[in-house]
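What follows is each chain in one-letter form.
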Amino acid sequence: MIERSGGDPLIDYAAVFRAMPTPYLVMTPDLVIAGANPAYLATTGRTLEDIVGRPVFEAFPGNPNETDPDGGVAKVRGSFERARDTGLIDTMELQEYDIPDGRGGFDKRFWSLISIPVLDGAGVCRFVIQRAEDITDYVMEQRGTGGADRGRHGREWHRRVLEVESDLHARGLELAAAREAELATARRLAALAGVALDLAAADSVDDLIRIVTGGGLDALGAHGAAIGVREDGDGLRLVRAGSFEDGRGRYGHLPLSAPLPATAAARTGRTIVLPDRVASEVFSPEAVEVFAVTGTEAAVALPLQAGTRSLGSLTVGWARRRVFTSQDLELLEAFAAQCAQVLDRIETRRAEQAAHAEVRGMAEALQRSLLAEPPQPDDLQIAVRYVPAAAQAQVGGDWYDAFTVGDGTTMLVIGDVTGHDRHAAAAMAQVRNVLRGVAHSQPESPARVLAALDRAMGDLAVGTLATAVLARVEKVDGAGDEGRRLLRWSNAGHPAPVLVEEDGTVTLLERTPNRLLGVGPGALRVEHACLLPPGSTLLLYTDGLVERRGANLDDGVAWLCQEIADLRHLPLDELCDRLLSVLPEELDDDVALLALRAHPAD
């Protein structure tokens, strides 16, 4: 092939390849032989017809032996693959690799091997070249087995020894540099281990970028970084740090199709290596602009993945051009994997929080539907309160209810279904709604309503136990009874209501309670009655208000009677709030209150 480079004269690169005295083998990325120069063919004793089109390890299978069962194939294959996959030259140490002698055996050979990737304009490896310098003569001479042949070689032998020694000296320098690079990599790895501990505590993307900036950039010797987080499937939100901050306003949100290293890594799942500005020019004009804006000379963009799921990308930049070794890239990939784990945890927690918020919203809607605002009859005032025990739930097994039935009377309910979770809330909703329906059909007797509710719970297989007080507030007809109200109630195993009059007289409406709801549908239900003097206050409540750790229930009820007597002159809403203000921050049980106040006499 003949090409012109700028104003240079025509160069026949095929002729140059054929004339080179150093052996070279050309392979496709699949390691199939595509060509070789004459020096390589002469060194190996093969022809192009014999090897072209064949997998390289089929043409040169290696000679298994006791010390190396695969004949060195694995080491040489690893060198080819590292050069192909990283885009970097890979230099091997002295390698013994025997080749077929054409008679069914093998010739013992020692080689100085270098694997060289040939990249296209997009940075994709198109060919892998092996430079294979045969140093068998030198090795055998050093082992003392080549003296008999030295006289025949004469000057050619001496020249050959000098070439090999010079090459080995250069290789020694290369290996020394490689060892120094390995030490530098180890130091960076140790520094990144400390960064990894900090990453474990990151709770947000801002925390992640702060940690990457604080210790990660120092450990990597970089001057800037960007975390790209995928959004809505086809977008990337960039959070930048270090000198990359200069580009944040312009490059904060990008479509995944944008021709930039960060988006390409997130979109394809491949690592993008740009060792200098020339590489950025080859990648895209947009990449050149980003390099200029952020003062970057070299960059690597790595995908952030959780399994097969793409989370985004990590882009790291340096202020000087760099030659990235395979160890450099392995270190960056390990760091990116740590960042991906943190980002996955952050995104998972964010999704969980969103789900919890949705559940809380649903619970609040349920609360509004089940614990509705009470009616306010002309001569009565009603206030209600509800405090759930479970922080994540807005409603549990306790409930209150107040409603007006067809004959104009007001019905009051306080109840407690066993439990205070979503299952208790579901059972409570069933009990509450059935009770409302029964009370509207036969409101005259609270006892009959509770008996009918008990039977319905059995028929509907509600499968829970509940306590409740159902009360009916009705006007008293008779001379001199204007403004007076009669309270009739039935108690199914619930704490007794408390009645406080204007003068501070407190009456605990305690009677022998009937069985809990759900124990037996044929249980006897009785009801009781008393007058509600004008200005008096009636309090219905659940046991969460009066039960305390380390104290018995009687002490709690005594406290409540004294407290409501002391607070009787307060507005009804304030009275309820004061009663709840003494509750501990973490409740063992739900608390429901229903307070009713009869208007004072004129």
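## As for the overall build of the protein
1) Next: For the protein, the helix and strand inventory stands at 17 helices and 26 strands.
2) Next: In the structure as shown, the protein presents an accessible area of about 29,300 Å², 52% of it carried by carbon and sulfur atoms.

## Observations concerning the pattern of salt bridges
1) Next: For the coordinates displayed, the defined rule picks out 24 salt bridges.
2) Next: Of the charged contacts, one joins Asp-134 and Arg-109 as a salt bridge, the two residues approaching to 3.2 Å between their closest N and O atoms. Taken together, the residues Asp-134 in strand β10 (residues 125-134) and Arg-109 in the loop between β8 (106-107) and β9 (110-119) connect sequence positions 25 residues apart. Summarising the burial analysis for this pair, Asp-134 and Arg-109 share the class buried.
3) Next: Each of Asp-407, Arg-472, Glu-474, Arg-488 and Glu-527 takes part in a single network of salt bridges with overlapping partners.

## A few points about the sheet that holds strand β20 (residues 466-475)
1) Next: As summarised here, the arrangement of the 5 strands in space is β18-β19-β20-β21-β24, forming an open sheet in which the pairing is antiparallel. Two strands lie at the open edges of the sheet, namely β18 (398-404) and β24 (528-532), each paired on one side alone. Each strand of the sheet is rotated relative to its neighbour by a mean of 20°, with strand direction disregarded.
2) Next: Pairing between strand β21 (residues 485-492) and β24: 5 bridges, direction antiparallel. Bridged to Leu-486 within β24 is Leu-531.
3) Next: Running at roughly 30° to β21, helix α15 (residues 446-459) makes contact with β20 and β21 of the sheet.

## A word on unusual backbone geometry
1) Next: Not every positive phi belongs to a glycine, and Leu-31 is a case in point at roughly 65°.
2) Next: With respect to the helices and strands, the residue Leu-31 is situated in the loop between β3 (24-27) and β4 (33-36).
3) Next: Accessibility expressed as a relative area gives 5% for Leu-31, which makes it buried.

## Here's the deal with the sheet that holds strand β26 (residues 591-598)
1) Next: In space, the 5 strands of this open sheet follow the order β17-β26-β25-β22-β23, with antiparallel pairing throughout. Each end of this open sheet is capped by a strand with a single partner; those strands are β17 (380-387) and β23 (506-508). Between one strand axis and the next, the sheet turns by 15° as a mean value, whatever way the strands run.
2) Next: Examined bridge by bridge, β17 and β26 share 8 bridges and lie antiparallel to one another. If you follow Val-384 over to β26, its bridge partner there is Leu-594.
3) Next: Across the sheet, helix α17 (residues 572-580) lies against β17, β25 (537-541) and β26, angled at about 25° from β17, the strand it touches most.

## Comments concerning the packing of aromatic side chains
Each aromatic ring pair is characterised by the separation of its centres together with the angle its planes make.
1) Next: Under the definition given, this model contains 3 aromatic pairs.
2) Next: Considering the side-chain rings of Tyr-40 and Phe-60, the 6.1 Å spacing of their centres and the 85° angle between planes classify their relative orientation as edge-to-face. Here Phe-60 lies in the loop between α4 (56-59) and α5 (73-86) and Tyr-40 lies in helix α2 (residues 38-44), a separation of 20 residues in the sequence. Across this residue pair, the class does not change: Tyr-40 and Phe-60 are buried.
3) Next: With centroids separated by 5.2 Å and ring planes inclined at 65°, the aromatic side chains of Trp-318 and Phe-324 adopt a geometry described as edge-to-face.
4) Next: For Arg-46, the ring lying beneath its charged end belongs to Phe-60, and the centroid distance is 4.8 Å.

Definitions and limits used
Residues numbered from 1 in each chain as written. Predicted model: local features only at pLDDT ≥ 70, side-chain atom pairs only at ≥ 80, totals over all residues. Heavy atoms only, no water. Helix = DSSP H or I, 4+ residues; strand = E, 2+ residues; numbered from the N terminus. Areas by Shrake-Rupley, 256 points an atom, 1.4 Å probe, with all protein chains shown as cover. Salt bridge = Lys/Arg side-chain N within 4 Å of Asp/Glu carboxyl O. Buried < 20%, exposed > 50% of the residue type's maximum accessible area, 1.4 Å probe, protein only. Pairing = 2+ DSSP bridges. Axes fitted to C-alpha atoms, helices over the stretch in contact; angles between N-to-C directions. Contact = heavy atoms within 4.5 Å. Phe/Tyr/Trp six-rings, centres within 6.5 Å; stacked < 30°, edge-to-face > 60°. Lys NZ or Arg CZ within 6 Å of the ring centre and 35° of its normal.

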